Amino acid sequence: MNYAAVDRAIRSGDAYRAVSALCRPALTEIAEGRREMRAVRHPLGFLCLPLYRDGLRGVCLHVWSQALAHVEPTTSQIHSHSWDLLSYVLYGRVGNTLMQVVDDPAAGAYRIFEVHSQGDLDEIRATPRQVRCLAAGHETAGPGDLYQLPAGRFHRTVVQDGSEAATVALGRVRAALDLSLGRLDTPTHRVRRQHCGPQETTRAAAIVLARLVDQPACSDSTGRQGLG
């Protein structure tokens, strides 16, 4: 599995079969404890299995499940990436709300924070920028759908409480910063990413494997190109 192979599979005419075929061997190795990996509890509420990384490009599996513990962000769910996102939904339904963020030094309800990461440590730096934010569109992607978000686009990802979902996420780093919106009175602070133990990591892989089936529940990825 590598970035180019997953990208080709996602864009193929038989995306679900192709993506599942790439994911199964890696997930089986993890579920059986034959691949050294520790899932990360992402502050946006999902578990991340980093499957591939090569310089500025990477492939991760994002898993939302009530069977797995999760953490909440110290700022908010509204954020923008320093990388272009191409995400393919394996199962479940994943919503994305695009947000319009406008500088408003007088009456803005949010502050922009820069997220500077070094290893497992995130330094979340408060900036002087006070902003207001409005929803600017929403889309929900289901099994076999893909969605794209360019670097720098503010959004909020939503998976309904109690729902199960998993996506294969491809990231390509651009010349941008990771940003988040938070309360005006939140200071600069540091957060250490939480790694799961071996048992929970293998459990996460097994949960996804159990949901991968031979036939997709709906149309393939060519029918939805998402929120670009």
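Our subject is the structure listed above.
The following paragraphs examine the structure supplied in this document. Because the structure is a prediction, the values reported are computed rather than measured.

What counts and what doesn't
Counting from 1, residues in each chain are numbered in the order their sequence is written. Local features in this predicted model are restricted to residues whose pLDDT is 70 or higher, and side-chain atom pairs enter the listing and the counts only when it is 80 or higher, whereas totals over whole chains, interfaces and linings include all residues. Water and hydrogen atoms play no part in the side-chain values, which are based on all heavy atoms of the structure. A pair of strands is labelled paired if DSSP reports no fewer than 2 bridges between them. Secondary structure follows DSSP: runs of H or I at least 4 residues long count as helices, runs of E at least 2 residues long count as strands, and numbering of each begins at the N terminus. Summary of the burial criterion: residues with accessible area below 20% of their type's maximum are buried, those above 50% are exposed, and those between are partly exposed, where the area comes from a 1.4 Å probe applied to protein chains only. In protein, a polar contact means a hydrogen-donor-capable atom and an acceptor-capable atom, both N or O and within 3.5 Å, with residues adjacent in sequence counting only if both atoms are side-chain atoms; elsewhere, any N or O pair within 3.5 Å suffices. Only buried residues count toward a nonpolar core, which is a set of Ala, Val, Leu, Ile, Met, Phe, Trp, Tyr and Cys residues joined through side-chain atoms within 4.5 Å. We call two residues contacting when some pair of their heavy atoms lies within 4.5 Å.

### Focus on the sheet that holds strand β2 (residues 47–54)
Strand pairing in a sheet relies on backbone hydrogen bonds. The paired strands run either parallel or antiparallel. The sheet built from seven strands is open, its strands ordered β9-β5-β11-β3-β2-β1-β14 with antiparallel pairing. Two strands lie at the open edges of the sheet, namely β9 (146–149) and β14 (194–195), each paired on one side alone. As judged from the eight bridges shared by strand β3 (residues 57–64) and strand β11 (residues 165–173), these two strands associate in the antiparallel manner. Looking across to β11, one finds that V59 is bridged to L170.

### A short note on helix α1 (residues 3–10)
Counted residue by residue, α1 has six buried out of eight residues, so it is predominantly covered. Listed as buried for α1 are Y3, A5, V6, D7, A9 and I10. With a side-chain oxygen positioned 3.1 Å from the backbone nitrogen of A4, the residue opening α1 is N2.

### Comments concerning the nonpolar core
Counting residues in hydrophobic clusters, the biggest one holds 33 residues, and the most contacted among them are L61, L90, V168 and V208. Listed by contribution, the elements that provide at least two residues to this core are α1, α2 (15–31), β2, β3, β5 (83–91), β11 and α3 (198–211). Discounting chain neighbours no more than four positions away, the residues touching V168 are V6, V19, C23, V59, C60, L61, L86, S87, Y88 and L90. In this structure, C48, V94, L98 and A141 belong to the second largest nonpolar core, which totals 15 residues.

Note that every value here comes from positions in space, so none of it alone points to a role or purpose.
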